[in-house]
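Survey of secondary and tertiary structure
In case you want the letters, here they are:
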Amino acid sequence: MALLSFGKSKETVEKPVNPQVEAFLQDYSIEVMPRTAEKVEDFKALLPTGTRVYIAHIEGTPIADMVATAKRLAADGYNVMPHFPARIIKDKATLADWIARYQGEAGVEQALLLAGGVEKPHGDFHSSMQLLETDQFGEAGFKRLHVAGHPEGNRDIDKDGSDKMVMDALRWKQAFSETSDAQMALATQFAFEAGPIIAWADAIKAAGITLPIHIGIAGPAKLQTLIKFAIACGVGPSLKVLQRRAKDVTKLLVPFEPTEVLTALAAHKAANPDFNITHVHFFPLGGIKTNATWAIANGGASAVPAAQS
């Protein structure tokens, strides 16, 4: 059972919890940035100890700010997973410096490796595969490495709208995972419709990609905010879910919540225990507090000990 007593308001206690969603949300993760983390006075009032917290590294963010955020979160008892965006890392020396600072100052043992949203690389790297090929994470003893997944494709990679290059990259990452001592998983872009997510997860499994999937889910937010981020992040087919909602005047001013997509995914997981989506990863587009409160109200807790996460 989830730690339902954690951070509950009177209203939350009275709200019934869907047991399938509760089970699906266990050991969820969430994403922050240094500038958003600065606005949170006390993470322990929002997130259960042991929650995996990704730290997004946006172009222009000083590494000192990233490391300081990691140090703060680690001190509060969270499993810290900073982003390593290949295209903003100049060279192997810069990569080694980042790894050393994260480990030395914050004890970081996990990382999300991705290409990053920058169109033109700042230096030698343009893909997460190149970062993995350096073997610097292995030499540093990182215990967990996540790489990106795209349930709706990625036009930055496959400009023709196919999934050929994305699938080739996934096969490469699958092969790498079979030789790595680190636990590996796919952390995906967010999507809003369960059907295409399930179809994608089944398709990559059929193609021999057995990496567990941490599915990206947009947390509660204003509809206008979600549409803006969805367009900016290249979310494709499931954007129509938001567009349909925008046409309904009665729903236009009501904040979007991920209840529908998570309920459907949770039901599928309950009926298919071997389903390769194993965790939920929240993008708190409407704010960390709003997202954390929603997760707790729906039974989410990250109670798995750090050594097992």
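Everything below is about the structure printed above this text.
Described in the following lines is the structure provided in the data block. (Residues numbered from 1 in each chain as written. Predicted model: local features only at pLDDT ≥ 70, side-chain atom pairs only at ≥ 80, totals over all residues. Heavy atoms only, no water.)

**Considerations on the packing of helix H4 (residues 63-75) against helix H5 (residues 92-106)**
The packing of two helices is summarised by the inter-axis angle and the distance between the axes. Running from N to C, H4 and H5 cross one another at 30 degrees; their axes reach a closest spacing of 9 Å. One element, H4, and the other, H5, form an angle in the roughly parallel class. Once H4 is placed against H5, the crossing between them reads as right-handed. On H5, the residues touching Ile63, Ala64, Met66, Val67, Ala70, Lys71 and Ala74 of H4 are Trp98, Arg101, Tyr102, Glu105 and Ala106. Within the contact of H4 with H5, the residues separate by chemical class into nine nonpolar, no polar and three charged. (Axes fitted to C-alpha atoms, helices over the stretch in contact; angles between N-to-C directions. Helix = DSSP H or I, 4+ residues; strand = E, 2+ residues; numbered from the N terminus. Parallel < 35°, antiparallel > 145°, perpendicular 65-115°, else oblique. Left-handed = near helix turned anticlockwise from the far one by under 90°. Contact = heavy atoms within 4.5 Å. Nonpolar A, V, L, I, M, F, W, Y, C, P; charged D, E, K, R; others polar.)

**Let's talk about helix H13 (residues 259-271)**
Spanning 13 residues, H13 covers 18 Å between terminal C-alpha atoms, matching the ideal 18 Å at 1.5 Å per step. Considered for burial, the residues of H13 that qualify are Val261, Leu262, Leu265 and Ala266. An end-on view of H13 places all buried positions within 125 degrees of arc, on one side of the element. Exposed residues lying more than 90 degrees from the buried face of H13 are Glu260 and Ala271. Contacts from the buried residues of H13 go to helix H2 (19-24), helix H9 (194-206), strand E7 (213-218), strand E8 (277-283) and helix H14 (288-297). (Expected span 1.5 Å × (residues − 1). Buried < 20%, exposed > 50% of the residue type's maximum accessible area, 1.4 Å probe, protein only. Arc of directions from axis to C-beta.)

**Some thoughts on the packing of H9 against H13**
Where H9 meets H13, the closest approach of the two axes is 9 Å, and the angle between their N-to-C directions is 40 degrees. Overall, the two elements H9 and H13 adopt an arrangement that is oblique. Considering how the two elements wind past one another, H9 and H13 form a crossing that is right-handed. Residues Ala194, Ile197 and Ile198 of H9 touch H13, and the partners they reach there are Val261, Ala264, Leu265 and His268. Partitioned by chemical class, the residues of the contact of H9 with H13 number six nonpolar, one polar and no charged.

**Quick word on unusual backbone geometry**
In the Ramachandran plot, Asp27 falls in the positive-phi region, its phi being about 60 degrees despite a non-glycine side chain. Along the chain, Asp27 falls in the loop between H2 and strand E1 (29-32).

**Notes on the packing of aromatic side chains**
Under the definition given, this model contains 11 aromatic pairs. Note on Phe43 and Tyr78: the rings are 6.5 Å apart at their centroids and 70 degrees apart in plane angle, and the pair reads as edge-to-face. Here Phe43, found in the loop between helix H3 (34-37) and strand E2 (52-55), pairs with Tyr78, found in the loop between H4 and strand E3 (79-85); they are 35 residues apart in sequence, far enough to count as distant. Residue Phe43 shares its accessibility class with Tyr78, and that shared class is buried. Here the aromatic cluster, defined as three or more aromatic residues joined through ring pairs, consists of Phe84, Trp98, Tyr102, Phe137 and Phe142. (Phe/Tyr/Trp six-rings, centres within 6.5 Å; stacked < 30°, edge-to-face > 60°.)

**Description of H14**
At 3.6 residues per turn, the α-helix brings residues three or four places apart onto the same side. For H14, a buried count of seven out of 10 residues is recorded, marking the element as mostly surrounded by other parts of the structure. Two residues or fewer after H14 comes Gly299, characterised by a positive phi angle close to 95 degrees.

**Section: the pattern of salt bridges**
The tally for this structure, following the rule as stated, stands at three salt bridges. Lys143 is the salt-bridge partner of Glu109, the closest N and O atoms lying 3.7 Å from each other. Of the two residues, Glu109 is situated in the loop between H5 and strand E4 (110-114) and Lys143 in the loop between helix H7 (136-139) and strand E5 (144-149); the sequence distance between them amounts to 34 residues. Taking relative accessible area as the criterion, Lys143 reaches 52% and is therefore assigned exposed. (Salt bridge = Lys/Arg side-chain N within 4 Å of Asp/Glu carboxyl O.)

**A closer look at the nonpolar core**
The biggest cluster of nonpolar side chains holds 71 residues, and the ones touching the most others in it are Phe84, Phe137 and Phe282. With six residues, H9 is the largest single contributor of residues to this core. Apart from the residues within four sequence positions on either side, Phe137 is in contact with Phe84, Leu95, Ile99, Ala111, Leu113, Leu131, Phe142 and Leu145. (Core = buried A, V, L, I, M, F, W, Y, C linked by side-chain atoms within 4.5 Å.)

**Topic: the sheet that holds E3**
Taken together, the eight strands give a closed barrel; going around it, the order is E1-E2-E3-E4-E5-E6-E7-E8, and neighbouring strands pair in parallel fashion. Strand-to-strand twist of the sheet, defined as the mean angle between neighbouring strand axes without regard to direction, takes the value 30 degrees. Bridge count for E4 against E5 is four bridges, and the pairing is parallel. Residue pairing for E5: Leu112 is matched across the bridge by His146. Its contacts with the sheet place helix H8 (residues 164-177) against E5 and strand E6 (183-190), and it is angled at close to 155 degrees to E6. Most of the contacts of H9 go to E7, to which it runs at about 160 degrees, and overall it touches E5, E6, E7 and E8. (Pairing = 2+ DSSP bridges.)

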